[in-house]
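As a plain string of letters, each chain reads:
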Amino acid sequence: FIQELTKQVWSGKQFYSNVPIEDGKFLTASMHYRGEISTQETDENLEKVQASKAEDFVEWIPNNIKSSVIDVGPVDATISATFVTNTTALKAMFQRLASQFSALYKRKAFLHWYKGEGMDEMEFQEADKNV
């Protein structure tokens, strides 16, 4: 059951953001399991993942997958897992946000609300330039 849970969190279908993980490389990853789980079994599963996805990780960060087991299980299930990662695939998401901000700022959309609260238009120009 732990093997299936590990496979699900690494698949990318469970991510909170719409990031295609194939477009980048993993810098680091952290797996947190909750419930009565053997740490040996979690370590074995993560070793398999690291071996199978070796080309998806950057080479210059050794031992870049960490795991932990929390003995207190979730309320509504017997076990659960949380996966946190840092990947270069996030670049596309930030580029999309920057282009959306630039498009809105070019039209001066919603700018009057911020100016009414005391912000200066120069702050938006600087943010647009920095992004």
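Our structure's up above, just so we're on the same page.
Presented here is a report on the structure given in the accompanying data block. Here the structure is a predicted model, which means the values were calculated and not measured.

1. Overview of a nonpolar patch on the surface
A cluster of nonpolar side chains, Leu-104, Phe-110, Trp-113, Tyr-114 and Met-119, forms an exposed patch at the surface whose accessible area comes to about 540 Å². Tracing the backbone through its elements, the reader meets Tyr-114 in helix H4 (residues 111–116). For Tyr-114, a relative accessible area of 41% translates into the label partly exposed.

2. Remarks on the nonpolar core
Membership of the largest hydrophobic core comes to 16 residues, with the highest contact counts inside it found for Trp-10, Phe-26, Met-31, Tyr-33, Leu-46, Ile-65 and Phe-83. Only helix H1 (2–10), strand S1 (26–34) and helix H2 (39–52) provide two or more residues apiece to this core. In this structure Tyr-33 touches Ile-2, Leu-5, Thr-6, Thr-42, Leu-46, Ser-68, Val-69, Ile-70, Ser-80 and Ala-81, once residues within four positions along its chain are discounted.

3. Remarks on the pattern of salt bridges
Inspection of the entire model under this criterion finds 3 salt bridges. Between Lys-25 and Glu-59 there is a salt bridge, and its shortest N-O distance comes to 3.9 Å. In this pair, Lys-25 is assigned in the loop between H1 and S1 and Glu-59 in the loop between H2 and strand S2 (65–70), connecting sequence segments 34 residues apart. On the basis of relative accessible area, Glu-59 is assigned to the exposed category, the value being 66%. Glu-121 is the salt-bridge partner of Lys-115, the closest N and O atoms lying 3.5 Å from each other. Taking relative accessible area as the criterion, Glu-121 reaches 18% and is therefore assigned buried. What emerges from the salt-bridge pattern is a single network uniting Lys-108, Lys-115 and Glu-121.

4. Overview of the packing of aromatic side chains
All told, the structure shown has 7 aromatic pairs when counted by the stated rule. Here the basic side chain of Lys-108 rests over the ring of Tyr-105, its NZ or CZ set 5.1 Å away from the ring centre.

5. Re the packing of helix H3 (residues 90–106) against helix H5 (residues 121–130)
It is the contact of H3 with H5, at a shortest axis distance of 10 Å, that shows an interaxial angle of 145°. Considering how the two elements wind past one another, H3 and H5 form a crossing that is left-handed. When H3 is examined against H5, the residues Phe-101, Ser-102 and Tyr-105 are found in contact with a partner set consisting of Glu-121, Phe-124, Gln-125, Ala-127 and Asp-128. Classifying every residue of the contact of H3 with H5 gives 4 nonpolar, 2 polar and 2 charged.

6. Here we look at the sheet that holds S2
The sheet built from 3 strands is open, its strands ordered S2-S1-S3 with mixed pairing. Pairing within the sheet leaves two strands with one partner each, and these edge strands are S2 and strand S3 (80–87). This sheet shows a mean twist of 10° between the axes of neighbouring strands, independent of strand direction. Pairing between S1 and S3: 8 bridges, direction antiparallel. Each residue of the ladder has a partner; that of Met-31, found in S3, is Phe-83.

About the criteria used
Residues numbered from 1 in each chain as written. Predicted model: local features only at pLDDT ≥ 70, side-chain atom pairs only at ≥ 80, totals over all residues. Heavy atoms only, no water. Patch = residues over 30% accessible without salt bridge, like charges linked within 9 Å, V, L, I, M, F, W, Y side chains within 5 Å. Areas by Shrake-Rupley, 256 points an atom, 1.4 Å probe, with all protein chains shown as cover. Salt bridge = Lys/Arg side-chain N within 4 Å of Asp/Glu carboxyl O. Helix = DSSP H or I, 4+ residues; strand = E, 2+ residues; numbered from the N terminus. Buried < 20%, exposed > 50% of the residue type's maximum accessible area, 1.4 Å probe, protein only. Core = buried A, V, L, I, M, F, W, Y, C linked by side-chain atoms within 4.5 Å. Contact = heavy atoms within 4.5 Å. Phe/Tyr/Trp six-rings, centres within 6.5 Å; stacked < 30°, edge-to-face > 60°. Lys NZ or Arg CZ within 6 Å of the ring centre and 35° of its normal. Axes fitted to C-alpha atoms, helices over the stretch in contact; angles between N-to-C directions. Left-handed = near helix turned anticlockwise from the far one by under 90°. Nonpolar A, V, L, I, M, F, W, Y, C, P; charged D, E, K, R; others polar. Pairing = 2+ DSSP bridges.

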